[in-house]
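Observations on the three-dimensional arrangement
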Amino acid sequence: TREIAGAYWNLAEVALTQRNYESARVSAEESLALYRELEDKHGVATALRTLSIASHNQGNIQQAQMAAEQGVTLFRQLGDRACMGLTISVLARHVLGQGDAERASEVAQEAVKVLHDIGDTTSEIGALDVAGRVALAQGNIPKAQEYFHDGISHLKDAKGVSQLPSLLEGLANALARSMQTQNAILLLGAAEALRERIHLARMQFETAEYDALMSTLREEVDDETFQALWKNGRAMTTEQAIELALN
């Protein structure tokens, strides 16, 4: 039964990467029910985290927050700091989605600290991305840029690219608010091309913020300028995009 519970959880995670949120929710709930039968706290907490992400993307943010909070509590009890830090990072997204930027900031900072302290670079990068978005929501643009820069710097060393598009888009948002319109458009073009190369669609709950940013930038410059910058951004290599982001 533990193997079946794990298989359902794997299905849920695959469905999330495919942005099939209903399938992810159903599989995560199946996994959760089986882990509860087995009284497997770690399995329960892991399934709750995945369920929370699926729920948020379906617009059930309160349910998402409750599931993530339960997951954090269980991982705390188990003393699993890596899984706890990752789940706290996920929770910060949900809290921000509920409109409580102040609490989201506290939660995101805890996630960054926990993951930094244990040296889990990959998860720390994700937490820095969340912290950057929370800082944006608070209107603290310098702090947001600092978080995104830190995430991209870590990524340069980690050699992973799946987290880069989101970080570039977050940084572009900060630059747009600092009137650095051209660099913002270049970074968004680079992020879009990278998403296509690695077959990584945006999460559903990220689309409204992204669409608003695109609309703002299109109003800042004429169409010909926008298209030229967008094209140049899309033509960048991953290394060139990182260099632009960090300079």
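Please refer to the structure placed before this passage.
The paragraphs below set out a description of the structure included in this document. Position numbers for residues count from 1 along each chain, tracking the sequence in the order it is written. The model is predicted, so local features are restricted to residues of pLDDT at least 70 and side-chain atom pairs to those at 80 or more, both for listing and for counting; the totals for chains, interfaces and linings are taken over all residues. The side-chain quantities take in all heavy atoms of the structure and omit both hydrogens and water.

**Considering the packing of aromatic side chains**
How we decide: Aromatic rings from Phe, Tyr and Trp, with only the six-membered ring used for Trp, were paired whenever their centres fell within 6.5 Å, and each pair was classed as stacked if the ring planes differed by under 30 degrees, edge-to-face if by over 60, and tilted otherwise. For the purposes of this entry, the term helix denotes a DSSP run of H or I that reaches at least four residues, the term strand denotes a run of E that reaches at least two, and both are numbered from the N terminus. For each residue, the accessible area found with a 1.4 Å probe, counting protein chains only, is set against the maximum for its type, and the residue is called buried under 20%, exposed over 50%, and partly exposed in between. Charges are assigned to positions over rings by a cutoff of 6 Å between ring centre and Lys NZ or Arg CZ, combined with an angular limit of 35 degrees from the ring normal.
Counted according to the given criterion, the structure contains one aromatic pair. Here F226 and W230 contribute two aromatic rings whose centre-to-centre distance is 5.9 Å and whose plane-to-plane angle is 15°, an arrangement assigned as stacked. Residue F226 and its partner W230 are both found in helix α12 (residues 223-234); the two are separated by four residues, about one turn of the helix. With a relative accessible area of 2%, F226 lands in the buried category. K143 extends its terminal NZ or CZ atom over the ring of Y147, reaching a point 5.2 Å from the ring centre. A cation sits over an aromatic face here: R202 above Y210, 3.5 Å from the ring centre.

**Describing the layout of surface pockets**
Rolled over the atoms, a probe sized like a water molecule indicates the empty space that remains. What counts here: The distinction between a cavity and a pocket rests on a 1 Å grid over the protein atoms alone: a 1.4 Å probe fits inside a cavity but cannot get out, while a pocket stays open yet meets protein on both sides within 12 Å along at least five of seven lines, and a residue with an atom within 4 Å of a point counts as lining. Grid points are joined across faces, edges and corners, and a volume is the space filled by probe spheres set on the points. Throughout, the ten residues Ala, Val, Leu, Ile, Met, Phe, Trp, Tyr, Cys and Pro are labelled nonpolar, Asp, Glu, Lys and Arg are labelled charged, and all others, Gly among them, are labelled polar.
In this structure, the largest pocket encloses a volume near 890 Å³. Lining the largest pocket are 27 residues, with I53, L86, G126, Q163 and M203 sitting closest to its centre. Residue assignment for the lining of the largest pocket shows that the elements contributing at least two residues are α1 (2-17), α3 (41-57), α5 (81-97), α7 (121-137) and α9 (164-177). By residue number, the principal contributor to the lining of the largest pocket is α7, which donates six residues. Of the residues assigned to the lining of the largest pocket, the class counts are eleven nonpolar, nine polar and seven charged. In this structure, the second largest pocket spans a volume of roughly 210 Å³.

**As for the pattern of salt bridges**
Worth spelling out the cut-off: The working definition used for a salt bridge is a side-chain nitrogen of Lys or Arg within 4 Å of a carboxyl oxygen of Asp or Glu.
According to the stated counting rule, one finds 15 salt bridges in the structure shown. Notably, a salt bridge pairs D117 with K113, separated by 2.7 Å at the nearest N-O pair. Linking D117 with K113, this pair stays in helix α6 (residues 101-118), spanning four residues, or about one helical turn. K113 gets classed as exposed once you look at its relative accessible area, which sits at 53%. Of the charged contacts in the structure, one is a salt bridge between R202 and E192, with a shortest N-O distance of 2.7 Å. Of this pair, R202 sits in the loop between α10 (181-198) and α11 (207-220) while E192 sits in helix α10; the two residues are ten residues apart in sequence, bridging distant segments of the chain. What emerges from the salt-bridge pattern is a single network uniting E169, E192, R195 and R202.

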